[in-house]
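One letter stands for each residue in the lines below.
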Amino acid sequence: MTKLDTLLKAVRSSVENNTLLRITLGNKRDKAADLKNVYIKPAMIKDKLMLSFVYRYPTKDITKNFLLSDALSEIRSSLVKVFFNADIYTVSQTLYFSADAAGKEMLVTKPAASAAPVLTHDKEKKRLLNSSAIWLRELGITGAEGNIKKEKQHKFKQINRYVEIIEGILQDVKMDDPFTVNDMGSGKGYLTFALYDHLTAKNIPAQVTGIELRKDLVDSCNRIAEKSGYAGLCFVEGSISDTAIDKVDMLIALHACDTATDDAIAKGIRAGAAIIICAPCCHKQVRRQMKPANALQDITKHGILLERQAEMVTDTIRALMLEAHGYKTKVFEFIEEEHTPKNVLIVGTKSMSAENVRDLNFEKIKALKEMFGIKEHYIETVL
C-alpha cells in the first residue's frame, strides 16, 4: 500500500466516523497554473453527507460537492496530477502528505485535539454569506484571509440581515427562470453582490442588474463582478427616473433619496414586479407641504417632530399606494437604529386585490392628505 493509499484510507475513515475537520491541497506541480489551492470540508447537502471542494483561483472560487467515493477519486487525481502536498485535519490527528516530481512520497502523522466538526447545512447557518467571497474582499469588508475587518463588522452584519430578509420574502414567491432583479441606485454594490451571491448559492438562476448614476462606481462593480465570476450580475449607468424597465421579477431601491423612492415604486408597479423592496431616504417633498389646520399643528411646529411625522406619513402613503395596486405590504425595521437612522423597509409582494379594496386605499390616502394639509404626494403624479 502506498502512502497515498494510506492517506485516502484515513480520509475515508474520518468521514465515516464524523471526525474529519478539513483538508487542504497545495504546492501546485505546475507553478504557472491558475489553480492555487483546494479546500475541502464535510457538508450535509440535501440530507446527504458529502465533501465540499472549494477550488481557489486568483480571481474566483469554484465550489463542487462530491459523494465520498467520488471525492476520494478527486483527491487522488489532484495529488497525482496537480498538487504535491495535502494536509488532513481530523479530531484525533493531523496527516501531512507530500510527494516530489520523482514520485517519492512522505506521510507524517501527528496527534491533534479538536472538537467534532459541525457539518454545514443551509438552514443551520448563522451567517448566510461566505466571508471568503472575492467581492467582500474587493469591497473592503474582509481581509486577504477572509477575516472580517474590525471596522466593517457592522456593515457585514447589515449585509447579512438584508440577505436574511430576502430569504424570508422569497419563500412565498414563485420565481421565473431566470429570476430577474433590478437594484435601483446600487451605489457601491454591497447589497447587490450579496443578493446575487445568495441566489446563486441556492442554485436559483438569476439575472441581477445594478443601476447607478455614478460611472466610477458602475465600472468598479463590473470589474469586481467579473473578478468574482458572476456572469449573471452586471451594473449599468443611469438614474432611477430615466432608466426604462419593461419587466422585472424583483425591484429594489435602498436609500433612494426623497422622490426617487416613489419613482422606483412606480417603475416596479408598471413592470409587474412580483416583489418591490424600498428603504426610503429623506422625505422632503411631503415635509414642505405639511401645514395641518388642526391639533397636529402642535407637533409639526417643532422641526424634529415635523421631520419624523413627515417620514411616517410619506411611507404610510407609499404602502397604501402599493396596496391599492395589488400588493400586500409590510413595513418594518431593516437593521438596528444604532447602525443607521435610515432603517425602515417597505416590502410589497404582488397579490390580487378587489376593486373595493383599491378604492378604500385611495380614500385612506385622501384622508391622510387632508389631515396633514398635504396637497399632493409625488407618487400620485408618477402613477
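Analysis parameters
- Residues numbered from 1 in each chain as written.
- Predicted model: local features only at pLDDT ≥ 70, side-chain atom pairs only at ≥ 80, totals over all residues.
- Heavy atoms only, no water.
- Helix = DSSP H or I, 4+ residues; strand = E, 2+ residues; numbered from the N terminus.
- Buried < 20%, exposed > 50% of the residue type's maximum accessible area, 1.4 Å probe, protein only.
- Pairing = 2+ DSSP bridges.
- Axes fitted to C-alpha atoms, helices over the stretch in contact; angles between N-to-C directions.
- Contact = heavy atoms within 4.5 Å.
- Disulfide = S-S within 2.5 Å.
- Patch = residues over 30% accessible without salt bridge, like charges linked within 9 Å, V, L, I, M, F, W, Y side chains within 5 Å.
- Areas by Shrake-Rupley, 256 points an atom, 1.4 Å probe, with all protein chains shown as cover.
- Salt bridge = Lys/Arg side-chain N within 4 Å of Asp/Glu carboxyl O.
- Expected span 1.5 Å × (residues − 1).
- Core = buried A, V, L, I, M, F, W, Y, C linked by side-chain atoms within 4.5 Å.
- Phe/Tyr/Trp six-rings, centres within 6.5 Å; stacked < 30°, edge-to-face > 60°.
- Lys NZ or Arg CZ within 6 Å of the ring centre and 35° of its normal.

(A) The arrangement of the environment of His302 in detail. Inspection of the secondary structure assignment puts His302 in the loop between helix 9 (297-300) and helix 10 (303-324). Judged by relative accessible area, His302 falls into the partly exposed class, the value being 38%. For the pair His302 and Ile252, spaced 50 residues apart in sequence, the C-alpha separation works out to 33 Å.

(B) Layout of unusual backbone geometry. Unusually for a residue other than glycine, Asn27 sits at a positive phi of about 60°. As for its position among the elements, Asn27 is in strand 1 (residues 20-28). By relative accessible area, which is 36% here, Asn27 ends up partly exposed.

(C) A look at the sheet that holds strand 3 (residues 48-56). Strand order in the open sheet formed by seven strands is 4-3-2-1-5-6-7, and the pairing between neighbours is antiparallel. For this open sheet the edge positions go to strand 4 (61-66) and strand 7 (105-111), each flanked by a neighbour on one side alone. Taking the axes of each pair of neighbouring strands and ignoring which way they run, one obtains an average angle of 20° across the sheet. Its contacts with the sheet put helix 1 (residues 3-16) on strand 1, strand 3, strand 5 (83-90), strand 6 (93-99) and strand 7, and the angle it makes with strand 7 is roughly 35°. Sheet strands touched by helix 2 (residues 68-81): strand 1, strand 2 (37-45), strand 3, strand 4, strand 5 and strand 6. Its angle to strand 3, the strand with the most contacts, is close to 25°.

(D) Inspection of the state of the cysteines at higher detail. Applying the stated criterion across every chain, the model contains zero disulfides. Take Cys278: it sits in no disulfide, and the sulfur closest to it among the cysteines is that of Cys281, at 12 Å. Judged by relative accessible area, which is 7%, Cys281 ranks as buried.

(E) Representation of a nonpolar patch on the surface within the structure. Nonpolar side chains collect at one region of the surface, where Tyr96, Met106 and Val108 lie side by side and expose about 240 Å² of accessible area between them. You can see Val108 is positioned in strand 7. Judged by its relative accessible area of 30%, Val108 is partly exposed.

(F) Expanded view of the sheet that holds strand 8 (residues 179-184). Taken in spatial order, the seven strands line up as 10-9-8-11-12-14-13 in an open sheet, and their pairing is mixed. Only two strands of the sheet have a single neighbouring strand rather than two, namely strand 10 (233-237) and strand 13 (327-333). Taken pair by pair, the neighbouring strands of this sheet meet at an average axis angle of 15°, ignoring direction. Sitting on the sheet, helix 6 (residues 215-227) is in contact with strand 9 (206-212) and strand 10, with an inclination near 165° to strand 10.

(G) Expanded view of helix 5 (residues 190-201). Between its first and last C-alpha atoms helix 5 spans 17 Å; for 12 residues at 1.5 Å apiece the expected length is 16 Å, and the two agree. Summarising burial for helix 5: 10 of the 12 residues are buried, a large majority. One or two residues past the end of helix 5 sits Asn203, with phi positive at roughly 60°.

(H) Just the nonpolar core, in detail. Ranked by size, the top nonpolar core spans 43 residues in total, and within it Trp135, Tyr162, Phe193, Leu199, Met250 and Ile277 carry the most contacts. Here this core gets eight residues from one element, more than from any other, and that element is helix 4 (residues 153-170). Those residues in contact with Trp135 that lie beyond four places of it in its chain are Leu129, Ile159, Tyr190, Phe193, Ala194, Asp197, Ile224, Ser228 and Tyr230. In this structure, Ala260, Met290, Leu368 and Val382 belong to the second largest nonpolar core, which totals 35 residues.

(I) Main features of the packing of aromatic side chains. According to the stated counting rule, one finds six aromatic pairs in the structure shown. Ring geometry for Phe193 and Tyr230: centres 6.5 Å apart, planes at 45°, overall tilted. Of the two residues, Phe193 sits in helix 5 while Tyr230 sits in the loop between helix 6 and strand 10, which places them 37 residues apart along the sequence. The exposure class of Phe193 is buried, given its relative accessible area of 0%. Its guanidinium or amino end placed over the ring of Tyr89, Arg22 lies 4.1 Å from that ring's centre, counting from NZ or CZ. The ring of Tyr55 has Lys64 sitting right over it, with the charged end atom 5.6 Å from the ring centre.

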